[in-house]
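Next come the chains, spelled out residue by residue.
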2 protein chains.
Amino acid sequence: MSGGELKLVEAEEPDDHDYRLQEQVGFILRKAHQRHVSIFASQIGDLTPPQFAALAKLHDVGETSQNQLGTLIAMDAATVKGVIDRLKARGLVDLTKHEVDKRRLLVNLTPEGREAIERLIPLARAITQETLAPLTAKEAATFMRLLAKLA
Amino acid sequence: MSGGELKLVEAEEPDDHDYRLQEQVGFILRKAHQRHVSIFASQIGDLTPPQFAALAKLHDVGETSQNQLGTLIAMDAATVKGVIDRLKARGLVDLTKHEVDKRRLLVNLTPEGREAIERLIPLARAITQETLAPLTAKEAATFMRLLAKLA
DNA sequence: TTGATATCATTTGCATACGAATGAATTTGG
DNA sequence: CCAAATTCATTCGTATGCAAATGATATCAA
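Quick look at the interface of chain A and chain B
(1) Moving on: Each partner contributes to the interface: chain A provides 48 residues, whereas chain B provides 48 residues.
(2) Moving on: A combined buried area of about 4800 Å² lies between chain A and chain B, and 69% of that area is made up of carbon and sulfur atoms.
(3) Moving on: The largest contributions to the chain A side of the interface with chain B come from Y19, V25 and L150 of chain A, which together make up 15% of the buried area.
(4) Moving on: Of the charged contacts in the structure, one is a salt bridge between K149 of chain A and E139 of chain B, with a shortest N-O distance of 3.1 Å.
(5) Moving on: Applying the counting criterion to the chain A and chain B interface returns 16 residue pairs in polar contact (both at pLDDT 80 or more).
(6) Moving on: The element contributing the most residues to the side of chain A that touches chain B is helix α2 (residues 25-43) of chain A, with twelve residues.
(7) Moving on: The class makeup of the residues in the side of chain A that touches chain B is 26 nonpolar, nine polar and 13 charged.

Regarding the relation of the copies chain A and chain B
(1) Moving on: Of the two same-sequence chains, chain A is brought onto chain B (RMSD 0.0 Å, axial shift 0.0 Å) by a rotation of 180°. On this basis, the relationship between the two copies can be described by a two-fold rotation axis. In terms of proximity to the rotation axis, the leading residue of chain A is F143 of chain A, whose C-alpha is 3.1 Å off the axis.
(2) Moving on: A share of 100% of interface residues in chain A that are also interface residues in chain B marks the association as one of identical surfaces.

With respect to the pairing of strand β3 (residues 105-109) of chain A
(1) Moving on: Pairing geometry for strand β1 (residues 64-65) of chain A and β3 of chain A, over two bridges, is antiparallel. Counterpart to T64 of chain A in the pairing with β3 of chain A is V107 of chain A.

Observations concerning the protein's contact with DNA strand D
(1) Moving on: Among the 23 residues in the neighbourhood of DNA strand D, the closest are listed as Q66, N67 and L105 of chain A together with T48 and R86 of chain B.
(2) Moving on: If you look at DNA strand D and keep only atoms within 4 Å of the protein, 76% of those are sugar or phosphate atoms.
(3) Moving on: Residue R30 of chain A places a side-chain N or O atom 2.9 Å away from a phosphate oxygen belonging to DNA strand D.
(4) Moving on: Within the contact set of DNA strand D, a phosphate oxygen lies 2.3 Å away from a backbone nitrogen or oxygen of L105 of chain A.
(5) Moving on: Going through the elements one at a time, α2, α4 (66-72) and α5 (77-89) of chain A together with α3 (49-61) and α5 (77-89) of chain B are the ones with two or more residues in the surface near DNA strand D.
(6) Moving on: Counting residues per element, the surface near DNA strand D draws most heavily on α5 of chain B, at four residues.
(7) Moving on: Of the residues that constitute the surface near DNA strand D, the class distribution is seven nonpolar, seven polar and nine charged.

A short note on the protein's contact with DNA strand C
(1) Moving on: Lining the immediate surroundings of DNA strand C are 23 residues, of which T48 of chain A together with Q66, N67, R103 and L105 of chain B lie closest.
(2) Moving on: Sugar and phosphate atoms form 78% of the subset of DNA strand C atoms that lie within 4 Å of the protein.
(3) Moving on: Within the side chain of Q51 of chain A, a nitrogen or oxygen atom sits 3.0 Å from a phosphate oxygen of DNA strand C.
(4) Moving on: V100 of chain A is positioned such that a nitrogen or oxygen atom in its backbone is 2.8 Å from a phosphate oxygen of DNA strand C.

Some points on the sheet that holds strand β3 (residues 105-109) of chain B
Hydrogen bonds between backbone atoms are what pair the strands of a sheet, whose relative direction is either parallel or antiparallel.
Residues and elements named next belong to chain B.
(1) Moving on: With antiparallel pairing, three strands are arranged side by side in an open sheet as β1-β3-β2. Each of the sheet's edge strands pairs with one partner strand only, and the pair in question is β1 (64-65) and β2 (93-97).
(2) Moving on: Strands β1, β2 and β3 of the sheet are contacted by α3, whose axis makes an angle of about 90° with β3.

Points about the packing of aromatic side chains
(1) Moving on: Tallying each qualifying case throughout the model produces five aromatic pairs over all chains.
(2) Moving on: Seen in terms of ring centroids, Y19 of chain A and F52 of chain B are 5.8 Å apart; in terms of plane orientation they differ by 90°. Their pairing is edge-to-face. In this pair, Y19 of chain A is assigned in the loop between α1 (2-12) and α2 and F52 of chain B in helix α3, connecting two distinct chains. Comparing Y19 of chain A with F52 of chain B, the two get one shared label, buried.
(3) Moving on: An aromatic cluster of three or more residues is present, and its members are Y19 of chain A together with F40 and F52 of chain B.

Observations regarding the pattern of salt bridges
(1) Moving on: Considering all chains together, one arrives at 18 salt bridges over all chains under this definition.
(2) Moving on: Residue D101 of chain A pairs with R103 of chain A through a salt bridge whose shortest N-O separation is 2.8 Å.
(3) Moving on: Judged by its relative accessible area of 15%, D101 of chain A is buried.
(4) Moving on: By relative accessible area, which is 71% here, R103 of chain A ends up exposed.
(5) Moving on: Here E139 of chain B makes a salt bridge to R145 of chain A, at a shortest N to O gap of 3.6 Å.

Section: α5 of chain B
Residue and element names in this part refer to chain B.
(1) Moving on: Over its 13 residues, α5 runs 18 Å from end to end, which matches the ideal 18 Å to within 8%, given 1.5 Å per residue.
(2) Moving on: When α5 is considered as a whole, its buried residues turn out to be V80, G82, V83, I84 and L87.
(3) Moving on: Buried residues in α5 make contact with α3, α4 (66-72), β2 and β3.
(4) Moving on: Of the residues one or two after α5, G91 is the one with positive phi, at around 75°.

Cut-offs used in this document
- Residues numbered from 1 in each chain as written.
- Chains lettered and ligands numbered in written order.
- Predicted model: local features only at pLDDT ≥ 70, side-chain atom pairs only at ≥ 80, totals over all residues.
- Heavy atoms only, no water.
- Contact = heavy atoms within 4.5 Å.
- Buried area = accessible area lost by both parts, 1.4 Å probe.
- Salt bridge = Lys/Arg side-chain N within 4 Å of Asp/Glu carboxyl O.
- Polar contact = N/O pair within 3.5 Å; in protein donor to acceptor, adjacent residues only side chain to side chain.
- Helix = DSSP H or I, 4+ residues; strand = E, 2+ residues; numbered from the N terminus.
- Nonpolar A, V, L, I, M, F, W, Y, C, P; charged D, E, K, R; others polar.
- Least-squares fit on C-alpha atoms with pLDDT ≥ 70 in both.
- Pairing = 2+ DSSP bridges.
- Near = heavy atom within 4 Å.
- Axes fitted to C-alpha atoms, helices over the stretch in contact; angles between N-to-C directions.
- Phe/Tyr/Trp six-rings, centres within 6.5 Å; stacked < 30°, edge-to-face > 60°.
- Buried < 20%, exposed > 50% of the residue type's maximum accessible area, 1.4 Å probe, protein only.
- Expected span 1.5 Å × (residues − 1).

So this is what it looks like as structure tokens:
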């Protein structure tokens, strides 16, 4: 009887005690991202991951508008503007107005920007490898597949 | 012969063309994190994930120093200070000086902070579920195991 | 004990990141 | 054709996130 009551109390108890921050996907995702950024910085000190992403995508697709570039690298308009401004200040991209659609700002790699991204791509491969280093090759493949489903 | 030469050229060619930003772990990790933060904001609009993490950890361990709390929730000293300052401004935590070690700043939940975190924990569970929703239960378990190894 | 070290917190500077508001230019629908 | 809606870019405000420098306090070691 008293056992039954105890069970009932336990069942009704809001299991706040069971909430473990360290096991929540958001918390671990944030830490994994932090670790990656740290690895990135150790290999490529003078460019941030978003800056690298912008250069890599420009290298890939060529001239695009600032907003379109933002879409391609998953940055909103306000964020991409800051990134591009800083790349421009360093002479890695240049900006021209679109002749026909005067709203658009076209972004291009400069020769220096092209040289930089081509030089850095091998390092980026190493960064990817180091980030995935705690996993076996098979685990890494599984992880990438599942991560892609989440993103 | 010309076939052999061609093969040689291909083998030596730096495969920059093969670099796909969208397939790099860092890029997808950043996108997955963005998605999670967006889900979090849709469920808990008036608190950020770092603010929630601070409250949840305080609820878990009770009084701690600001730096210690930062360690527990993976934030450096400068970042945790900003988070705690904003929680204090909203009356969710209060700060007292450590009696013995005058360097330390002790952080505590206020009654309002305790009420808030206990009210939000069920929502946080829903956020975790929604974040993992693209995966089956088995996939989610695998993903969490591998993600933990990376973080 | 005291001088060197280490720890805790703060501050500054820089770089994402995003919501919201704004203005300019384009496209669409009636 | 023209008013309404949309798109592109910018700006502002707020919130992480981290490196580096600084000041105060505590601890360690000679």
